[in-house]
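Coordinates in review
Here is how the chains run, residue by residue.
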Amino acid sequence: MLTPLKENRFPGRLRHLWSKLKHSSIKTFALLFAIGFSLSLTVSACAPTQQTNTTTAPTSAATSVASSNSQQSNVIRIGYQKYGTLSILKSRGSLEKRLASQNISVQWLQFPAGPQLLEALNAGSIDFGHTGEAPPIFAQAAGAPLVYVANEPPNPKGEAILVPKDSPIQDVVGLKGKKVVFNKGSNVHYLVVEALRAAGLKYSDIQPIYLPPAEARAAFEQGSVDAWAIWDPFFTVAKRATDARVLKDGEGLVANREFYLAAKPFNDQYSDRTKAILEELQKIDEWAATQPTEVAKLLSPALGIDVPTLEEVARRRPYGVQPITAEVITYQQKVADTFLDLKLLPKQIKISEVAQVTKQ
């Protein structure tokens, strides 16, 4: 399972910044992203787990910047999270086979979540990666040189607001005045906002508690919060393990898309490589759509989640690499504007400025 960052992994000066960041608003997060995290590859918070095939991951910002030009000539650096099509692509090795004849290798760098992955993209340490809807919005506001290049289909049932099985809360209206825990600046943050709006409540009507998945689950199971908004596979794991009730999933409220993002300098110079990655992702999606059991068996060891639970997630999830369309851009703009209205985004942004319609 994904592990939260530990404050004691930072050196003294940056530990102080991280402590402030951890308890600050998303507005502060986005601002610090731009001015602070460009240096953060000097600490382990932005140093990914090294999962490489032929090269060693950079261990400092200086090393990353100095070697980026030489690396990019024959290495594609892909940031990934433990769950998703990129994980399946890595496990099957088909991208490496495709690029071998061109003497291009692939360096796989694992990150605990989307925000950290985009910190690395901002610092020039990766060329390509994937996140949910919200992280690239905050990264764009902070000036990260990213480009939306494709997306997976909407998966509204892949996230939900959970309550304990014996909770007296029966609907979203019942969350008024209650403590709701979720990952700040994530897809489920937007789910909470939209669920409250649909129920006639304001965001200020709840007590938001911002924690990453592992800590959020602990708070949920200990009863220190009243509800938990979470995405798959954590959503399905928690539901099966604790008999938690689904108060509301994203159906009819949110899209919950997964986006593929490239660093703009990489995409400008190597658009053929971006195209190759997307084509291989599409092939993997076509395979995974008909092989949920095999997908679960493939990912279970790395995730530490049992096969039946992952199979349930794999069967529910839609597959297929899709181009960025005007409809997708409009939706992402709505998400960004919502966070701006809540004063969680530091400035207005235009998604269309960093979105590329993928020609397939």
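A brief structural summary. All residue numbers refer to position in the chain's written sequence, counted from 1. Per-residue local features of the predicted model are confined to residues with pLDDT of at least 70, and side-chain atom pairs are confined, for both listing and counting, to 80 or more; whole-chain, interface and lining totals are unaffected and use all residues. By convention in this description, side-chain values take in all heavy atoms of the structure and omit both hydrogens and water.

1. Some remarks on the packing of helix α13 (residues 292–303) against helix α14 (residues 307–316)
Running from N to C, α13 and α14 cross one another at 125°; their axes reach a closest spacing of 8 Å. Considering the angle they form, α13 stands oblique to α14. In the packing of α13 onto α14, the handedness of the crossing is right-handed. Contact residues: Pro 292, Thr 293, Val 295, Ala 296, Lys 297, Leu 299, Ser 300 and Leu 303 in α13; Val 307, Leu 310, Glu 311, Ala 314 and Arg 315 in α14. For this classification, the nonpolar set comprises Ala, Val, Leu, Ile, Met, Phe, Trp, Tyr, Cys and Pro, the charged set comprises Asp, Glu, Lys and Arg, and every other residue, Gly included, is treated as polar. Across the contact of α13 with α14, the residue classes break down as eight nonpolar, two polar and three charged. Every axis in this analysis is a line fitted to C-alpha atoms, fitted for helices over the stretch in contact. Angles between the N-to-C directions lie between 0 and 180 degrees. Secondary structure elements are defined from DSSP: runs of H or I of at least 4 residues count as helices, runs of E of at least 2 residues count as strands, and each element is numbered from the N terminus. The scheme is simple: roughly parallel for angles under 35 degrees, roughly antiparallel for over 145, roughly perpendicular for 65 to 115, oblique for anything else. For any helix crossing, the convention is left-handed if the near helix is rotated counterclockwise from the far helix by under a right angle, and right-handed if that rotation is clockwise. Residue contacts are counted whenever heavy atoms from the two residues lie within 4.5 Å of one another.

2. Side note on helix α15 (residues 326–341)
For α15, spanning 16 residues, the distance from its first C-alpha to its last is 22 Å, which sits close to the expected 22 Å at 1.5 Å a residue. Residues Val 328, Ile 329, Tyr 331, Gln 332, Gln 333, Val 335, Ala 336, Thr 338 and Phe 339 constitute the buried set of α15. Within two residues after α15, Lys 343 carries a phi angle of roughly 65°, on the positive side. To estimate how far a helix should extend, the number of its residues minus one is multiplied by 1.5 Å. Summary of the burial criterion: residues with accessible area below 20% of their type's maximum are buried, those above 50% are exposed, and those between are partly exposed, where the area comes from a 1.4 Å probe applied to protein chains only.

3. Comments concerning the packing of aromatic side chains
Think of a pair of aromatic rings as described by two things: how far the centres are apart, and how the planes are tilted against each other in angle. Each aromatic pair joins two rings of Phe, Tyr and Trp (for Trp, the six-membered one) with centres within 6.5 Å, and gets the label stacked for planes under 30 degrees apart, edge-to-face for over 60, and tilted for any other angle. What the rule picks out here adds up to ten aromatic pairs. A ring pair is formed by Phe 128 and Tyr 260, whose centres lie 6.1 Å apart and whose planes are at 20°; its orientation type is stacked. Of this pair, Phe 128 sits in strand β4 (residues 128–131) while Tyr 260 sits in strand β11 (residues 259–263), and the two are 132 residues apart along the sequence. Comparing Phe 128 with Tyr 260 shows no difference in burial state: the two are buried. When the ring of Phe 182 is compared with that of Tyr 210, the centres are 5.6 Å apart and the planes differ by 75°; the resulting orientation is edge-to-face. In this pair, Phe 182 is assigned in strand β7 (residues 179–182) and Tyr 210 in strand β8 (residues 207–210), connecting sequence segments 28 residues apart. When its relative accessible area of 0% is taken as the criterion, Phe 182 is described as buried. In this structure an aromatic cluster arises from ring pairing among Phe 138, Tyr 190, Tyr 331 and Phe 339. If you follow Arg 257 out to its NZ or CZ, it ends over the ring of Tyr 331, 5.4 Å from the centre. Over a ring means this: the NZ of a Lys or the CZ of an Arg is within 6 Å of the ring centre and within 35 degrees of the ring normal. A cation over an aromatic ring shows up here: Arg 273 above the ring of Tyr 270, its NZ or CZ 4.0 Å from the ring centre.

4. With respect to the sheet that holds strand β6 (residues 159–163)
The strands making up a sheet associate through hydrogen bonds between their backbones, and the pairing can be parallel or antiparallel. Strands are treated as partners if at least two bridges between them are detected by DSSP. Read across the sheet, five strands follow the order β8-β7-β9-β6-β10 without closing on themselves; strand pairing throughout is mixed. Each edge of the sheet is formed by a strand with only one pairing partner; in this case those strands are β8 and β10 (245–249). Between one strand axis and the next, the sheet turns through 30° on average, direction left out of account. Sheet topology note: the β6/β10 ladder contains four bridges and is antiparallel. Each bridged residue has a counterpart across the sheet, and for Ile 161 the counterpart in β10 is Lys 248. Sheet strands in contact with helix α8 (residues 187–198) are β6, β7, β8, β9 (227–231) and β10, and its direction is about 70° off that of β6. Strands β6, β9 and β10 of the sheet are contacted by helix α10 (residues 234–242), whose axis makes an angle of about 135° with β9.

5. Focus on empty space enclosed by the protein
With a 1 Å grid laid over protein atoms only, a set of points is called a cavity when a 1.4 Å probe fits there but cannot get out and a pocket when it is open yet has protein on both sides within 12 Å along at least five of seven lines; lining residues have an atom within 4 Å of a point. Grid points are joined across faces, edges and corners, and a volume is the space filled by probe spheres set on the points. For the structure on display, the rule yields three cavities of 30 Å³ or more. In this model, the largest cavity occupies a volume close to 570 Å³. Taken together, 32 residues make up the lining of the largest cavity; nearest its centre are Gly 132, Asn 187, Trp 231, Asp 232 and Asn 256. Elements with a minimum of two residues in the lining of the largest cavity: α6 (114–122), β4 and α14. The class makeup of the residues in the lining of the largest cavity is twelve nonpolar, 13 polar and seven charged.

6. A word on unusual backbone geometry
Omega for the bond connecting Asp 232 with Pro 233 falls within 30 degrees of zero, at 5°, which places this linkage in the cis form. The topology assignment puts Pro 233 in the loop between β9 and α10. Although it is not a glycine, Asn 103 sits at a positive phi angle of roughly 60°. Mapped onto the elements of the fold, Asn 103 is located in the loop between α5 (94–99) and β3 (105–110).

7. What to know about the pairing of β9
Among the five residues that make up β9, five are buried, leaving the element largely enclosed by the rest of the structure. Taking every second residue as pointing to the same face, both faces of β9 are buried, with Ala 227, Ala 229 and Trp 231 on one and Trp 228 and Ile 230 on the other. Sheet topology places β7 next to β9; two bridges connect them, and they run parallel. Within the sheet, the bridge partner assigned to Val 180 lies in β9 and is Ala 227.

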